[in-house]
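Structural features, examined
Listed here are the chains, written in short residue letters.
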Amino acid sequence: MTAPRIESDLDKLEQNTRSLVDRLMPTGIRVTGVTKAVLGSPEIGAAMLRGGASGLGDSRVPNLTRLAGPGRSASRTLIRSPMLSQARRVVAVADVSLNTEAVVLAALDGAALRAGRTHGIVLMIELGDLREGIAPDDAADAARVVLDHPSLRLVGLGANLACQNGVVPDDRNMGVLSGLVDDIEALHGISLGTVSGGNSANLGWALSTGAVGRIDELRLGEAILLGVDPLHRTPIAGLHTDAFTLIAEVIEVATKPAQPWGDRAQAAYGEAPVRTGIGTVRQAILALGRQDVELDGLCPPDGITILGMSSDHLVVELGDHLVAVGDELAFGVAYGALVQAMTSPFVAKVEHLGRHTQRPDRVHLAEVSGG
Ligand SMILES: *Cc1c(COP(=O)(O)O)cnc(C)c1O
């Protein structure tokens, strides 16, 4: 197979979704699976739906277009406020979008009218993280604006915390959202079917509070994909944290001095990483670089240490591993590395149904010298 490539284990992703859906079930919260980190992969979206997600969400129109392929009927939500220039395409590929701007609502209404459809609107409320959202005091008026557009349907309210300033979802800010829902329903004589409390950062709150209130949906990406809580990047018990594996091929293996020689200035990406040790080290170069993945969040196999990465070369210290040119090494990825690998045109995307259960199965090394 070609390298570099990122392999996705669809069984693990389905199981992660199922586990979160089941845990949230008693709270009355359903799960929208968020596919933006995997560029709207239809296979991964389908795995989330098999795991019990009630619909799919993505922040980009091209990704939603991928998710909307033939035979795919799951509800799709654009989870970023639509670009004014994309109103027509948004109405075509998304059933619902998250909104904050009156001018965008008007454009969506016009586009929906021309397309002979209705488009669902979730109004986003600012609860303190200072990214998207209408001030709570303005929410009732914004709801009125949506209700006055004949081709728009007010689906509900939503909020997003943590992403911009790390603000933690809690009973207080979620309580504000619930209160607004009650107020708007009473004021306008309507009932709102969706109260979308937030993203993976809401899980800790949702699973521990006794006061879920009106929150009945979460939009979950990172927790499903990587099995971690983004507030502290800690693993969520019972979830797979290794559904994705980045595979790269070894192009040089050599024993080299531990320390560089010659006068020294900056390296390709700023200050060179500090080299420690004396004598020699066994190092390998992988055909993988910053055009493929970011260095932060790249997790090497046990016993192998990353020494540095430039645009096209990843240098590792091999320790006791026996590695030859042409071998492949398997790396774990954190969120940023996952997004970049998925986005790089140089990294092949391979989805499989859990045939390979353990990361070491995928590599030809795993032999420890002397063992
Ligand atoms: C990215 C995003 C999500 C999903 O976030 P995760 O942390 O991956 O769960 C949900 N809602 C909005 C508005 C987003 O931008």
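Residues numbered from 1 in each chain as written. Predicted model: local features only at pLDDT ≥ 70, side-chain atom pairs only at ≥ 80, totals over all residues. Heavy atoms only, no water.

**A few points about unusual backbone geometry**
Trans peptide bonds make up most of the peptide bonds, and negative phi angles are found at most residues other than glycine. Residue proline 4 follows alanine 3 across a cis peptide bond; omega there is -5°. On the secondary structure map, proline 4 appears in the segment before strand E1 (5-9). Positive phi, normally seen in glycine, also occurs at leucine 39, with a value near 55°. Mapping leucine 39 onto the fold places it in the loop between strand E2 (30-34) and helix H2 (42-50). On the accessibility criterion, leucine 39 (24% relative accessible area) is partly exposed. (Helix = DSSP H or I, 4+ residues; strand = E, 2+ residues; numbered from the N terminus. Buried < 20%, exposed > 50% of the residue type's maximum accessible area, 1.4 Å probe, protein only.)

**Description of the pattern of salt bridges**
Evaluated as defined, the whole model comprises twelve salt bridges. With a shortest N-O distance of 2.8 Å, glutamate 7 and arginine 5 are connected by a salt bridge. The same class applies to glutamate 7 and to arginine 5, which are both buried. For aspartate 148, the salt bridge is made with arginine 144, and the minimal N-O distance between the two is 3.2 Å. Taken as a pair, aspartate 148 and arginine 144 lie in helix H6 (residues 139-148) at a separation of four residues, close to a single helical turn. For arginine 144, a relative accessible area of 37% puts it in the partly exposed group. The structure contains a network of salt bridges with shared partners spanning Arg5, Glu7 and Glu328. (Salt bridge = Lys/Arg side-chain N within 4 Å of Asp/Glu carboxyl O.)

**Regarding the pairing of E1**
Burial within E1 is extensive, with five of its five residues counted as buried. Neither face of E1 is exposed, since Arg5, Glu7 and Asp9 on one face and Ile6 and Ser8 on the opposite face are all buried.

**Things to note about the domain arrangement of the chain**
Along its sequence, the chain is organised into domain 1 (10-227) and domain 2 (244-364). The distance between the C-alpha centroids of domain 1 and domain 2 comes to 37 Å. Each partner contributes residues to the interface: domain 1 has 15 residues there, and domain 2 has 13 residues. Interface area for domain 1 against domain 2, summed over the two sides, is near 1,200 Å², with a carbon-plus-sulfur share of 66%. When the buried surface of domain 1 facing domain 2 is broken down by residue, Leu10, Ala37 and Leu226 rank first, second and third, together holding 39% of it. (Domains from an automatic or database assignment. Contact = heavy atoms within 4.5 Å. Buried area = accessible area lost by both parts, 1.4 Å probe.)

**Here's the deal with the site of the ligand**
The local shell around the ligand holds 13 residues, among which Lys36, Ser200, Arg219, Gly221 and Glu222 are the closest. Between asparagine 160 and the ligand, the recorded distance is 3.4 Å, taken from a side-chain N or O atom to a nitrogen atom. One nitrogen or oxygen atom from the main chain of glycine 221 is found 2.8 Å from an oxygen atom belonging to the ligand. For the ligand, the accessible surface in isolation is 390 Å², of which the surrounding protein chains cover 94%. When its residues are assigned to classes, the shell around the ligand shows four nonpolar, four polar and five charged. (Near = heavy atom within 4 Å. Polar contact = N/O pair within 3.5 Å; in protein donor to acceptor, adjacent residues only side chain to side chain. Areas by Shrake-Rupley, 256 points an atom, 1.4 Å probe, with all protein chains shown as cover. Nonpolar A, V, L, I, M, F, W, Y, C, P; charged D, E, K, R; others polar.)

**Topic: helix H1 (residues 10-24)**
Counted at 1.5 Å a residue, the expected span for H1 with its 15 residues is 21 Å, and the 21 Å between its end C-alpha atoms agrees. Of the residues making up H1, those classed as buried are Leu10, Lys12, Leu13, Asn16, Thr17, Ser19, Leu20, Val21 and Leu24. (Expected span 1.5 Å × (residues − 1).)

**Here we look at the nonpolar core**
The biggest cluster of nonpolar side chains holds 89 residues, and the ones touching the most others in it are Leu123, Leu225, Phe244 and Leu246. It is helix H5 (residues 102-115) that provides the largest number of residues to this core, a total of six residues. Listed in part, the seven residues of the second largest apolar core include Ile79, Val96, Met124 and Val155. (Core = buried A, V, L, I, M, F, W, Y, C linked by side-chain atoms within 4.5 Å.)

**Here's the deal with the packing of aromatic side chains**
Two descriptors summarise a pair of aromatic rings, namely the distance from one centre to the other and the angle between the planes of the rings. With the rule as written, the count across this model stands at zero aromatic pairs. For the cation-ring pair, arginine 290 lies above tyrosine 269, with the distance from its terminal atom to the ring centre recorded as 4.3 Å. (Phe/Tyr/Trp six-rings, centres within 6.5 Å; stacked < 30°, edge-to-face > 60°. Lys NZ or Arg CZ within 6 Å of the ring centre and 35° of its normal.)

**Here we look at the pairing of strand E3 (residues 55-58)**
In E3, alternate side chains face the same way, and those of Gly55 and Gly57 on one face and Leu56 and Asp58 on the other are all buried. For the crossover that starts at E2, traverses H2 and ends in the parallel E3, the hand is right-handed. As paired elements, E3 and strand E4 (residues 76-78) share three bridges and run parallel to each other. The residue of E4 that forms the bridge with leucine 56 is arginine 76. (Right-handed = clockwise from strand over helix to strand, strands pointing away. Pairing = 2+ DSSP bridges.)

**What about the environment of valine 274?**
Mapped onto the secondary structure, valine 274 falls in the loop between strand E12 (244-257) and strand E13 (280-286). Given a relative accessible area of 74%, valine 274 falls into the exposed group.

**Details of the packing of H6 against helix H7 (residues 171-188)**
Running from N to C, H6 and H7 point in directions that differ by 50°, and their axes come no closer than 10 Å. Between H6 and H7, the crossing angle belongs to the class labelled oblique. The crossing of H6 and H7 is right-handed. Between H6 and H7, the contacting residues are Ala139, Ala140, Ala143, Arg144 and Leu147 on the first element and Leu180, Ile184, Leu187 and His188 on the second. Grouping the amino acids of the contact of H6 with H7 by side-chain chemistry returns seven nonpolar, one polar and one charged. (Axes fitted to C-alpha atoms, helices over the stretch in contact; angles between N-to-C directions. Parallel < 35°, antiparallel > 145°, perpendicular 65-115°, else oblique. Left-handed = near helix turned anticlockwise from the far one by under 90°.)

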